[in-house]
Amino acid sequence: MNEPVRVAWVRKPRRRRPRERGLRGRAGLWVTAAGLVLALAVGCGAFAVQRYQAHMRASGVETVATVKEVLAIRGGYNLSVGFTTATGREVSTELDDFPRDPQPAIGDRLAIRYDPDRPDVTLWDVRDPPEFAGATIFLICLSAVLAAASAVFFALTRRRRP
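Residues numbered from 1 in each chain as written. Predicted model: local features only at pLDDT ≥ 70, side-chain atom pairs only at ≥ 80, totals over all residues. Heavy atoms only, no water.

A. Seen up close, the side chain of Thr85. Tracing the backbone through its elements, the reader meets Thr85 in the loop between β2 (76-84) and β3 (90-98). Here Thr87 takes part through its side chain, which lies 3.0 Å from a polar atom of the side chain of Thr85. Residues in contact with Thr85, not counting those within four places in the same chain, are Val91, Tyr114 and Pro119. (Helix = DSSP H or I, 4+ residues; strand = E, 2+ residues; numbered from the N terminus. Polar contact = N/O pair within 3.5 Å; in protein donor to acceptor, adjacent residues only side chain to side chain. Contact = heavy atoms within 4.5 Å.)

Here is the structure:
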């Protein structure tokens, strides 16, 4: 009398989505994040260059160095120089990419500026003071371009929901 009713479950046919090409989803997000991290690193580099220049202008100490050795390189010279710091410490180091003509001779005396915290590493010829404004502007522009490119990349690769 009462027979059980059979119910047949019919599966809906699955609609296949076309396979996405290129960097979508997580991969696009990772590339965007990497671009933003690189932009931040370049921006921090610009900040560091600006701080270094300000530090050297404020605390650099001027003295006279004696040329000990001259090595000619690509349109300039590397000089081995020696000088005495304000505290009396004898320092012997190199002055890289010295662009002056005529070529300095051994025994010549040069006015230099050095960092009192690192006199054997950071120094330059006073006649050619370091000017990092160009480098700072370049790094800031590069950082902005990287950030903008990352934002555009993200906008182009994010998933659009139907």
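The structure having been displayed, the exposition proceeds.
B. Just the environment of Ala148, in detail. Mapped onto the secondary structure, Ala148 falls in helix α2 (residues 133-157). Since its relative accessible area comes to 42%, Ala148 is described here as partly exposed. On a C-alpha basis, the gap between Ala148 and Ala39 in space is 9.1 Å, while along the polypeptide they are 109 residues apart. (Buried < 20%, exposed > 50% of the residue type's maximum accessible area, 1.4 Å probe, protein only.)

C. Spatial organisation of the nonpolar core. One finds Ala65, Val67, Tyr77, Leu79, Val81, Phe83, Val91, Leu95, Leu110, Ile112, Tyr114 and Leu123 forming the largest nonpolar core, which totals twelve residues. Counting residues per element, the ones that place at least two in this core are β1 (61-73), β2, β3 and β4 (109-114). With four residues, the single largest contributor to this core is β2. (Core = buried A, V, L, I, M, F, W, Y, C linked by side-chain atoms within 4.5 Å.)

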